[in-house]
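Observations on chain architecture
If you want the building blocks of each chain, they are given just below.
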Amino acid sequence: MLSRQPRIEILWDKKNQSLNLQDFENALGVMSSGEVQRAKFFASIWFHNNKTYGFDLADAVSSLDTDGRELIMEWVARPFWP
């Protein structure tokens, strides 16, 4: 799923299985609102909670385009955690 979001994917180090927190937080300030919602969604999965970066499903669904909503629905249908 992350590979379909190239601007967000680069914030994760797949080799070391880590999230570059400084880059992630910096990116939140320059991403589009849809990218921010997607990034927060991925972070909520990564951290196993929606509190770390404040992901809110209702806010996301109301502001994301069809592709963004489908991304979330795909995960809801088959959830996984790293």
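Quick word on the packing of aromatic side chains
The relation between two aromatic rings is expressed through the spacing of the ring centres and the mutual angle of the planes. Scanning the model with the defined rule gives nine aromatic pairs in all. A centroid spacing of 6.0 Å and a plane angle of 75° characterise the contact between Trp12 and Trp46, whose relative ring orientation is edge-to-face. Note that Trp12 is positioned in strand β1 (residues 12-13) and Trp46 in helix α3 (residues 33-47), a separation of 34 residues in sequence. Judged by relative accessible area, Trp46 falls into the partly exposed class, the value being 24%. Put simply, the rings of Trp12, Phe24, Phe41, Phe42, Trp46, Phe47, Tyr53, Phe55, Trp75 and Trp81 pair up and form one aromatic cluster.

Quick look at the confidence of the model for the protein chain
Looking at the protein chain as a whole, its pLDDT mean stands at 94, while 100% of the residues score no less than 70. Per-element confidence in the protein chain is highest for helix α2 (residues 21-28), whose mean pLDDT is 96, and lowest for β1, whose mean pLDDT is 92.

Here is what the cut-offs are and how they apply
Every chain is numbered on its own, with residues counted from 1 as its sequence reads. Where local features are concerned, this predicted model is filtered to residues with pLDDT of at least 70; where side-chain atom pairs are given and counted, the filter is 80 or more; whole-chain, interface and lining totals use all residues. Excluding hydrogens and water, the side-chain figures rest on all heavy atoms present in the structure. Only Phe, Tyr and Trp rings are paired, with Trp represented by its six-membered ring, and only when their centres lie within 6.5 Å; those with planes under 30 degrees apart are stacked, over 60 edge-to-face, the remainder tilted. Think of it this way: any DSSP run of H or I at least four residues long counts as a helix, any run of E at least two long counts as a strand, and we number them from the N terminus. Three exposure classes are used, based on accessible area relative to the maximum for each residue type with a 1.4 Å probe and protein chains only: buried under 20%, partly exposed in between, and exposed over 50%. The predictor attaches a confidence to each residue, and that confidence, scored 0 to 100, is pLDDT.

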